[in-house]
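These are the residues of each chain, in order.
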Amino acid sequence: IQTRMLKMDVSFWVLLGYSGTALYVLSYILLNAGKMKGESISYIGMNGLAAGLVLTSMLEEWNGPSAVIQGTWLFISALGITKILLKQRRQKAV
């Protein structure tokens, strides 16, 4: 019986996509384990970075629907981080 190893040629872009996917999963695990708060810059930032990596990976092979959701996720992450930073600034001013 011969066995063959699965040969995978993974491009830089695909590696970015997998890295983004891993960040999505990691942030969700940390959230559910109580190690992160959903309203934290670190959680929102991890999700924004994940979206950016997955979106960037599509430079190699475009996927319109996925680009829309990743772009939306980036936008929502930017809004969330901005909201937190503005709240922190207001609290320091008081």
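On a predicted model such as this, the values are computed, not experimentally measured, just so you know. (Residues numbered from 1 in each chain as written. Predicted model: local features only at pLDDT ≥ 70, side-chain atom pairs only at ≥ 80, totals over all residues. Heavy atoms only, no water.)

Look at helix H1 (residues 12-32) against helix H2 (residues 41-57): their axes get within 7 Å of each other, and the N-to-C directions meet at 160 degrees. Comparing the axis directions of H1 and H2 gives the class roughly antiparallel. Of the two possible hands of crossing, H1 and H2 adopt the one that is left-handed. Contact with H1, carried on its side by Trp13, Leu16, Gly17, Ser19, Gly20, Thr21, Leu23, Tyr24, Leu26, Ser27, Tyr28 and Leu31, involves Tyr43, Met46, Asn47, Leu49, Ala50, Ala51, Leu53, Val54, Thr56 and Ser57 of H2 and no other residues of that element. (Axes fitted to C-alpha atoms, helices over the stretch in contact; angles between N-to-C directions. Helix = DSSP H or I, 4+ residues; strand = E, 2+ residues; numbered from the N terminus. Parallel < 35°, antiparallel > 145°, perpendicular 65-115°, else oblique. Left-handed = near helix turned anticlockwise from the far one by under 90°. Contact = heavy atoms within 4.5 Å.)

Here the focus is the confidence of the model for the protein. Detailed reading of predicted coordinates is not advised where the pLDDT is low. This prediction gives the protein a mean pLDDT of 93; 91% of its residues lie at or above 70. The least confident element of the protein, judged by mean pLDDT, is helix H3 (residues 64-93) at 96; the most confident is H2 at 98. (pLDDT = per-residue confidence, 0-100.)

Attention now goes to the side chain of Asn47. Mapped onto the elements, Asn47 comes out in helix H2. Asn47 sits in the buried class, given a relative accessible area of 6%. For Asn47, the side chain forms a polar contact with the side chain of Trp73, separated by 3.4 Å. (Buried < 20%, exposed > 50% of the residue type's maximum accessible area, 1.4 Å probe, protein only. Polar contact = N/O pair within 3.5 Å; in protein donor to acceptor, adjacent residues only side chain to side chain.)

It is worth spelling out the side chain of Ser27 at this point. Looking at the element boundaries, Ser27 is found in helix H1. By relative accessible area, which is 0% here, Ser27 ends up buried. There is a polar contact of 3.0 Å between the side chain of Ser27 and the backbone oxygen of Tyr24. Side-chain polar atoms of Ser27 contact the side chain of Asn47, separated by 3.3 Å. In this structure, Ser27 is in contact with Met36, Tyr43, Met46 and Asn47, ignoring residues within four places of it in sequence.

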